[in-house]
Structures are given as structure tokens and as C-alpha cells.
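# Structure assessment
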Amino acid sequence: MDKGVTRRLWKDRVATLLVTILALVPLIPLALILLQLAVKGITSLNLQFLTSLPHPPGEEGGGVLNAIVGTAVLLALASALAVPTGILAGIYLSEYRDRTLPHAVRMAADLLQGTPSIVIGILAYAWVVRPMHHFSALAGGVALAIIMLPVIVRTTEEVLVLVPRDLRESALALGVPSWRMILKVVLPTGMVGVTTGVLLSIARVAGETAPLLFTAFGNPFLSLKPTEPIDALPLVIFNYATSPYADWWRQAWAASLVLIVLVILLNVAARLLARRMKGE
Amino acid sequence: MESTILKTEGLKAYYGETKVLRGIDIDIPRNRVTAVMGPSGCGKTTLIRCFNRMHEMVPGARIEGKIRLEGRDITSMKLIQVRRMVGMVFQKPNPFPTMSIYDNVLAGYRLSGVKLRKEEAQRIVEESLKKAALWEEVKDALHRRGTFLSGGQQQRLCIARALAVNPRLLLMDEPTSALDPKAAHRVEELISRLKETVTVVVVTHNVAQAGRVADYTAFLYLGELIEFGPTSQLFTAPQDPRTEEYLTGKFG
Amino acid sequence: MEAAKGDQLFEILSRLFALLVLTIALGGFVTLTVLSWPSIKTFGLSFMWTQTWDPVAGKFGALPFVVGTLVTSFLALLISTPFSLGTALFLAEYAPKSLKGIMGFTVELLAAIPSVIYGLWGIFFLVPLVRKMEIALSLPPYGVGAFTASLILAIMILPYATSVTEAVVSLVPEELKEGAYALGATRWEVTRYIIIPYARSGIFAGTILALGRALGETMAVTMVIGNRNEILNSIFAPTNTMASVIANEFTEATSRIYLASLVEIGLILFLITLVVNILARWITERLKVQRGGV
């Protein structure tokens, strides 16, 4: 073989090695994070941690029941606000395409999607906390809902646009009014895709911390009231991790494990749904 | 002279500035099968989409001239009433994917929010599926999804769905072009039998199919009705040279 | 006309909800402007290049945070780009099929981990590690600082750049690659002379998108950057970003002007990410036009 070819082959081998290394290195931090979460989290995780309220600062023990319940309340509030709004707005974008408003709304959704979550927090503060004069679960729910909204709007639109025209026309040809056609044929046909989008958006906001700092604020007591401040797992992790107490650091890891399991479950559910949709 | 169910007078159809139909006068005879044939782009699909006012759904589309259904101008009737009287079957079988066979047949009622008593619903399902020659094949699987059926069965399900609301006129847009020859043959047989209860207008680009199923045939070319008459007459003694050219495969 | 009425009602209803989305976006901009008005009026444009951040004296300038944000974001981009490019090429061209699925999943997992958990890991793993490094380099051993924040950001933005890059790389037409292979090109030569030139603007768009993420990222950065309101004099120094200073001080902002200044920082951040996202969009749109809808 002549020299040029040998050199080219060597170059190719070196490049393959380099690309492989570059691709494998990012797995190291991921492995480290998951490993440490598992090790440090599991050792601190027990039933008492999940079912009791926090102890006063500096005192050992206690749990994060308030934060688990709080996260559930916040996600429920955010979903109740964002899911119907997002689906209806998405329907508008997909069904009334040839107007100027849909174009503007699409741009607005993209703009919201790119807005840093801390800025969304400021908006919820201005729109809910200031008029109410105090922090509240509702304010946190509004912040999370604004983050969920563009994701739901755009996935709903993308999924519904794919529903075949034939299907719409055959409903109309049966004498069905178009609003019923949209709600009973188009939406159910795209429902799996819409649900996937909703689950992914919930998974995304479940771990959001920044927009909750000055809206939901946190609350060491168990609360279910939308008008009261409320705690959330991400808030607890932040507050404990930056506290000076070793026992709280331990609890931050345990809370992180709970949170990551929740987020991964939501992601897996969304992926399974998406796969089922492809299969159909 | 046959009695007429639908009559057009100087029907012109446009997509924006494009004129697709250039003044059509046709009388569709009651309880007969009428085939509309012609090369692609001749306006045959547009013609039948005018009959149930689906044409006007396309942005920028409009019509001129009159269409009378049972003597009444369809633009003066309620849209939903027109579509109840004029059913439609599409080129590709398209049962609603989220509904069972049973619900698909009842879709015209269910989707419009009409409540049916259970016995009545069952009667409609059975009758419609029998009319569509599908009952024997699916009577034990009524609650399975319609999408599990074969292509030919799906198309017959769509026919049952259209028949369930008791239309006077059934429009079919190339109903067998997406089917294999055997399934297509069964649908053709069905079409010939349907005329006992309903008038059928079937669009086809398949000359042989028109010859097999239709009592009357219309030949459309470039948006004009070139010739219309009893199928046997049109096929054996076409009046217009363009019809003859089309029938002998000179174009399209 | 019962049905037509229903149709009209439904259209109006769905349009109202669509308008709500538009209102939130426009209202957001208006709200930020109104809330930050005292600061805009008092400090004017000099807000952008004033270094002082003194809540007691009521003097506010955003320069340290603008610099902190830009330095950490670009440093993160610099660290992460070779890896995201490598991962994307690996996933699209080099990886055996069995590995591809697992690798793709792990990259998605990286994107799914909440920011606050990256921050926690940063505090207890990365900060001690950087401190050791700083001691070895005889630098002040803060551990926390702009460099640590950049490292965390680099990991966090990697999935975004990777997924966009991979999508573009897998759009390279098979016949182009096969043409080159048929001429006897090696895989590296195909990558270097066919794939990378073809996908260049897409790779750029992915990088810009990742930059948008980095600019607005809050929690992980807040937890490891050291939270010092001074302009940084070295990449290892503790400082603050626009997002982290808002996260840290918003609930403490008691005076009107203090709050307004923080909101103005939010407004600037909003505008910067807007510009960056428009840029990324513009590049991908242009890409679509060029490729004729591939």
C-alpha cells in the first residue's frame, strides 16, 4: 500500500477514536450524578422522611411531606390552568390556520418557551403576588402554568395538523357541525400525542425552582390552600443544600432522589405513549 | 323519463380565480347509479363536492349557478340538512380511528349529539351493516376498532356509516381506487345493489368500472359536461368524438 | 342556524384562549417594563455599564451581572461544543445501532435532570474538585466561582446542542455520503468534507440555542457561582449572573428602586434571550428554505 493511503487510514482511526471519546466523556458526569443521587439518597430515604414534616433548623431528623404534597398541589394547579388553555389555543392554531392571529400566537408561544424561568417568576410575582400582597401556591401554579403553556400549545398544534383531512371531511359529510367534528374526531385522534406533550411539560416544571422562589416561596407546614405559601421539592433541595447543616445536606440528597424518580417516571410515561402512537 | 333527484343549472365552480367547472347542466336520476368519469383534473370530484357543499370549505372556493335537491336550492337549505340528505364516501377508507365498528356506524348521530335508545341504535347498526354487506363479517366484532378491518371491509364500513343517517343521495369519490381487485369487486357489487334504497353518484377514472356499475354515465372533460346518457348508449354510440376518444383510451 | 352558531361560539372560544397566549407574552414585556420603570428613569442607559450594586446607597448598575452572564455562558459553550459535536457525530454516524438507543436516552436524561439537582451535585462534588485544582494552581481556593458555574452550564446545555446537531447531521443526504464512499473516501473524510460543511449552519443554530439556555439558567449557577456582586477579575472569581442575582436578592428587595433594578435585569435578560432565540430560529428557517423542505 502506498504511503498516502496508510496515512489516510491512520487519520481515520484517530478521528474515530476522538469522536468516540468526545461522545463518551459527557456520560461521566451523568453517571456520577446518578450514582451519588442513588448512594447518598437511598441511605437517607425512609418512610419517616416521606411522611413527616421538617424539624426546626439545626435539629436532626424530620421529613419533606410538606414539599411532596406542595409539589403535587403546584403541579395540579399548573395543569388545571395550562392544559385546557394550551389545548384550546393549540386547536385554534391547527384548525384556523389561514389567519394572521395564529402566526402571532405561534411567535408568542415560541417567545414564552425561550424565556428564562426566573423571568416567568417575576411575571407571576407581578400578576399574582403583588395584587394578593403575599406569596401563594396559586402564584407558583401560575408561574409553572406559563412555562407549561407554550409546550402544550405547540404539541397540540403539531399533532392535530397531522390528523388527515379525509377524516375531518367524512365527519362533516355526515352533517356533523365543525366544532363537534374538532372535539369528537380531531382531538380524540390526536389525544395520545397531546397527552405526551402534557406529560413532558409536567416533567419539565416538576423540577423548576427559580420561578417558585418568590411565588410559592416555601412553607415548613403542611398546606393545601392555594392562597397560602407552599413548599415544593425543588425549593427544599435548594434551601437545604445551601444551608449550613450537615443533616439538611443529607436530606437534600434524599429529596433529590424523590424528585428525579418523579421526573424520570413522567418522562418514561411520555416516551411509552409516544412509542404507542408511532406503532399505531 | 326518469324522475330527477338532483338537478344543476349552469353550475360553475372556482378555486380562487381558477374556474374548475364551466357551466354544468345535469339531472341525476333517482334510484339509479350514475357514474361521473373523465381524465384527472376534469372536475369530476369538484362536481360531486358541490352536491353536498363540501366544495365551499376550501378557502377561496365558490360556485355560481343553481343546484336543486328534490327541487330545493341547496344554498337556501341548512348546511347540515344538505349533508344529512347527501352522504359521501371517500377515495381512501377512513373509519374514525378512535371508535369501534359500532360507534363508526353511528358516528352521524353520535358526533352530532343525537341520543338514540339502545334498541334503536342496534337496529340502525345492523340494518346499515347489512345494506353495506358487512354484517356477516363483523357481527361478532362490533366493539373492536374499525381500523382492524381489511381495506375493503373498512370501505364498506364507511359506506354503512354514510347509509346510517338515511341519505337520499350517496356520493362516492373513486371508492375502489385504494382497494385490491377482489375487494374492489365486492364494493362494485354492493354499489349495484344500493340503488334500491338510495341514489348513487360514483366518480371514477376507470371506464370499465363505469360500464359495470352505472345505469347512467356522464363524461366530463376540462370542466365541461361533454356527454350524459344511459351507460349502454354512451358506451356503444357516443355522440361526441371526445367521448369516443376517451372510451378507446386515446387520452387520460 | 343552530350548528353555525355552535361553530361560531367554538371559534370565538378557542380564539380567546389563543389570544391569552399572545396576551401573556406581550403583557409580560409590558409588565417588566412598567415594574422596572423607576430604575430605567433613574439610571437610564448607564445602568448597563455601571459597576456599583449598592442596595444601601440605592445605587444600581448591572455591569457585573451582564459580564458574569456573558463570561459563564460563552465559557460553557466553549467547553461543551466539542463534546456536543462529538456526541452528535457519534450518534448519527459512528455508533453501532445497539449503542445508539442507549446513548440517545442518556443524552435525553441529561436534559431531564432538574437544574437544582445539578446545583446540589455542583456544591458537593464540583466545588471541592475545583478547589483542589485551584490549590494546585496556587489560585485563591474559592471552589465556587465563574469557572465552576461554566462547568455545570457546559454539562447542562450539552443535550440541547447535541439534539439539534444530530438532527441536522442525519439530514445529510445518503447519496452525498455514498458518492464520497464510492470514490474511496474514509469515514473521517466523509465527515470532514461532506457532513460538517453540509450541516454547518445547523450546528451553528444548535450552538446558539444552547447559548440561549445558558444565558437564562438560574438555579445551578446560583448555587455554585459564589454570589458576589463584583465584576470578575479572573474566570475563577466568585461573581453573579443576571439570573442568579435575581434569584438571590428578589425576596430581599425592600425599596422600590431596588426591586425595579432587579426587574430591569430580568427585562434585559428577557430581551437578550429573545434576540438569541430569534437568531437561532432565523438560521434554522433559512436552512429549511435552502434545503427545500427536507
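This structure is a prediction, so every number in the text was calculated from the model and none was measured.

About the cut-offs
Residues numbered from 1 in each chain as written. Chains lettered and ligands numbered in written order. Predicted model: local features only at pLDDT ≥ 70, side-chain atom pairs only at ≥ 80, totals over all residues. Heavy atoms only, no water. Helix = DSSP H or I, 4+ residues; strand = E, 2+ residues; numbered from the N terminus. Rg over C-alpha atoms; globule rule 2.2 N^0.38 Å. Contact = heavy atoms within 4.5 Å. Areas by Shrake-Rupley, 256 points an atom, 1.4 Å probe, with all protein chains shown as cover. Lys, Arg positive; Asp, Glu negative; His and termini not counted. Charge placed at Lys NZ, Arg CZ, Asp CG, Glu CD. Buried < 20%, exposed > 50% of the residue type's maximum accessible area, 1.4 Å probe, protein only. Pairing = 2+ DSSP bridges. Axes fitted to C-alpha atoms, helices over the stretch in contact; angles between N-to-C directions. Buried area = accessible area lost by both parts, 1.4 Å probe. Salt bridge = Lys/Arg side-chain N within 4 Å of Asp/Glu carboxyl O. Polar contact = N/O pair within 3.5 Å; in protein donor to acceptor, adjacent residues only side chain to side chain. Nonpolar A, V, L, I, M, F, W, Y, C, P; charged D, E, K, R; others polar. 1 Å grid on protein atoms, 1.4 Å probe; cavity = no way out; pocket = protein on both sides within 12 Å on 5 of 7 lines; lining within 4 Å. Points joined across faces, edges and corners; volume = space filled by probe spheres on them. Core = buried A, V, L, I, M, F, W, Y, C linked by side-chain atoms within 4.5 Å. Left-handed = near helix turned anticlockwise from the far one by under 90°. Expected span 1.5 Å × (residues − 1). Arc of directions from axis to C-beta. Phe/Tyr/Trp six-rings, centres within 6.5 Å; stacked < 30°, edge-to-face > 60°. Lys NZ or Arg CZ within 6 Å of the ring centre and 35° of its normal.

This paragraph deals with the overall build of chain B. Helix and strand content of chain B: eleven helices and ten strands. Against the 2.2 N^0.38 benchmark of 18 Å for 252 residues, chain B shows a C-alpha radius of gyration of 18 Å, consistent with a compact globule. Taken over the C-alpha atoms alone, chain B extends approximately 55 × 40 × 35 Å along its principal axes. Within chain B, contacts between residues separated by at least 24 positions form 67% of all contacts whose residues are at least 6 apart in sequence. Put simply, chain B shows about 11,100 Å² of open surface, and 48% of that area lies on carbon and sulfur atoms. In chain B, the 37 positive side-chain charges and the 29 negative ones have mean positions that sit 6 Å from each other.

Next up on the list: the overall build of chain A. Tallying secondary structure elements over chain A gives eleven helices and zero strands in all. Along chain A, helices and strands appear, N-terminal first, in the series α-α-α-α-α-α-α-α-α-α-α. Scaling as 2.2 N^0.38, a compact globule of 280 residues should have a C-alpha radius of gyration of about 19 Å, whereas chain A reaches 24 Å, well beyond that. Taken along the three principal axes of its C-alpha coordinates, chain A extends 80 × 70 × 35 Å. Each of the 280 residues in chain A was classed as buried or not, and the buried ones make up 57%. In chain A, the share of contacts with a sequence separation of at least 24, taken over all contacts with a separation of at least 6, comes to 73%. Just so you have it, chain A exposes about 11,700 Å², and 70% of that area is on carbon and sulfur atoms. Taking the 22 positively charged and 16 negatively charged side chains of chain A as two groups, their mean positions are separated by 7 Å.

Its location among the elements puts Gly 108 of chain B in helix H4 (residues 107-110). C-alpha of Gly 108 of chain B to C-alpha of Met 172 of chain B: the two residues are 64 residues apart in sequence and 17 Å apart in space. Non-local contacts of Gly 108 of chain B, meaning those with residues more than four positions away in its chain, are made with Leu 174 and Val 176 of chain A together with Arg 84 and Val 165 of chain B.

Further remarks concern the sheet that holds strand S4 (residues 61-69) of chain B. All names here are of chain B. Taken in spatial order, the four strands make up an open sheet running S2-S1-S4-S5, and their pairing is antiparallel. Since the sheet does not close on itself, it has two edges, and those belong to strand S2 (18-29) and strand S5 (72-73), each with one partner. Looking at chain direction, strand S1 (residues 4-15) and S2 are connected through nine bridges and run antiparallel. Bridged to Lys 7 within S2 is Asp 27. Where helix H1 (residues 44-51) meets the sheet, its contacts fall on S1, S2 and S4, and the angle it forms with S1 comes to roughly 120°.

For sheets, the rule is that strands pair by backbone hydrogen bonds, running either parallel or antiparallel. Residues and elements named next belong to chain B. A sheet is described by the order of its strands in space; here six strands give the open sequence S6-S7-S8-S3-S9-S10, paired in mixed fashion. Here the strands that pair on one side only, and so sit at the sheet edges, are strand S6 (86-89) and strand S10 (224-230). Adjacent strand axes in the sheet meet at a mean angle of 20° when their direction is disregarded. In terms of strand pairing, strand S7 (residues 169-173) meets strand S8 (residues 199-204) through five bridges, oriented parallel. Across the sheet, Leu 170 pairs through a bridge with Val 200, a residue of S8. Across the sheet, helix H7 (residues 151-163) lies against S6 and S7, angled at about 170° from S6, the strand it touches most. Along the sheet, helix H8 (residues 181-194) contacts strand S3 (33-37), S7 and S8; its crossing angle with S7, the most-contacted strand, is approximately 160°.

Each side of the interface is counted separately: chain A has 80 residues, and chain C has 73 residues. Interface of chain A and chain C: buried area, both sides summed, is about 6,700 Å²; carbon and sulfur atoms make up 80% of it. Counting the contacts that link chain A with chain C gives three salt bridges. Here Asp 110 of chain A and Arg 281 of chain C are joined by a salt bridge, their closest N and O atoms 2.4 Å apart. Inspection of the chain A/chain C interface yields eleven residue pairs in polar contact (both at pLDDT 80 or more). The element that contributes the greatest number of residues to the side of chain A that touches chain C is helix H5 (residues 100-114) of chain A, accounting for eleven residues. Each residue belonging to the side of chain A that touches chain C can be placed in one class, and the counts come to 59 nonpolar, 13 polar and eight charged.

On to the layout of surface pockets, then. Its volume calculated, the second largest pocket comes out at about 1,400 Å³. Forming the walls of the second largest pocket are 45 residues, and the residues nearest its centre are Leu 172, Ser 178 and Met 181 of chain A, Met 57 of chain B together with Asp 7 of chain C. Elements with a contribution of two residues or more to the lining of the second largest pocket: helix H4 (65-95), helix H8 (165-173) and helix H9 (178-206) of chain A, helix H2 (79-85) of chain B together with helix H1 (2-43) of chain C. Top element by residues in the lining of the second largest pocket is H1 of chain C. It accounts for eight residues.

A few words on the nonpolar core. Among the nonpolar cores identified, the biggest contains 245 residues, and Leu 129 and Ile 159 of chain B are the most heavily contacted of them. With 14 residues, the single largest contributor to this core is H4 of chain A. In contact with Ile 159 of chain B, not counting residues within four places along its chain, are Val 89, Ala 132, Leu 170, Met 172, Val 187, Leu 190 and Leu 194 of chain B. Membership of the second largest hydrophobic core comes to 19 residues, among which are Phe 90, Val 168, Val 169 and Ala 180 of chain C.

All names here are of chain C. Between helix H2 (residues 63-94) and helix H3 (residues 97-112), the least distance of the axes is 9 Å, while the angle of their chain directions is 145°. Crossing of H2 over H3 shows left-handed handedness. From H2, Thr 87, Phe 90 and Leu 91 reach across to H3, where they touch Leu 99, Lys 100, Met 103, Gly 104 and Val 107. Here the residues of the contact of H2 with H3 sort into five nonpolar, two polar and one charged.

Bringing helix H1 (residues 3-24) of chain A into the picture now. All names here are of chain A. Here H1 is 22 residues long and its end C-alpha atoms lie 32 Å apart, about the 32 Å a rise of 1.5 Å per residue gives. Within the sequence span of H1, burial applies to Asp 12, Ala 15, Val 19, Leu 22 and Ala 23. Down the axis of H1, the smallest arc covering the buried residues is 100°, so these residues share one side. Facing away from the buried side of H1, by more than 90 degrees, are the exposed residues Lys 3, Arg 7, Trp 10, Val 14, Leu 17 and Leu 18.

What follows concerns unusual backbone geometry. Positive phi, close to 45°, is recorded for Glu 174 of chain B, a residue that is not glycine. Note on placement: Glu 174 of chain B falls in the loop between S7 and H8. Phi at Asn 227 of chain C takes a positive value of approximately 50°, unusual for a residue other than glycine. Examined against the element boundaries, Asn 227 of chain C turns out to sit in the loop between helix H8 (219-224) and helix H9 (242-249).

Glancing now at the packing of aromatic side chains. Ring pairs (aromatic) are described by centroid distance and by the angle formed between their planes. Overall, the coordinates contain 21 aromatic pairs over all chains when judged by the stated rule. Measuring from ring centre to ring centre gives 4.8 Å for Trp 53 of chain C and Phe 60 of chain C, while their planes differ by 70°; the resulting arrangement is edge-to-face. Trp 53 of chain C gets classed as buried once you look at its relative accessible area, which sits at 8%. Looking at Phe 60 of chain C, the relative accessible area reads 2%, which means it is buried. A network of ring pairs unites the aromatic residues Phe 43, Phe 47, Trp 53, Phe 60, Phe 65 and Tyr 258 of chain C as a single cluster. Just above the ring of Tyr 14 of chain B sits the side chain of Arg 62 of chain B; from NZ or CZ to the centre is 4.1 Å. The ring of Phe 96 of chain B has Arg 161 of chain B lying over it, and the distance from NZ or CZ to the ring centre is 4.4 Å.

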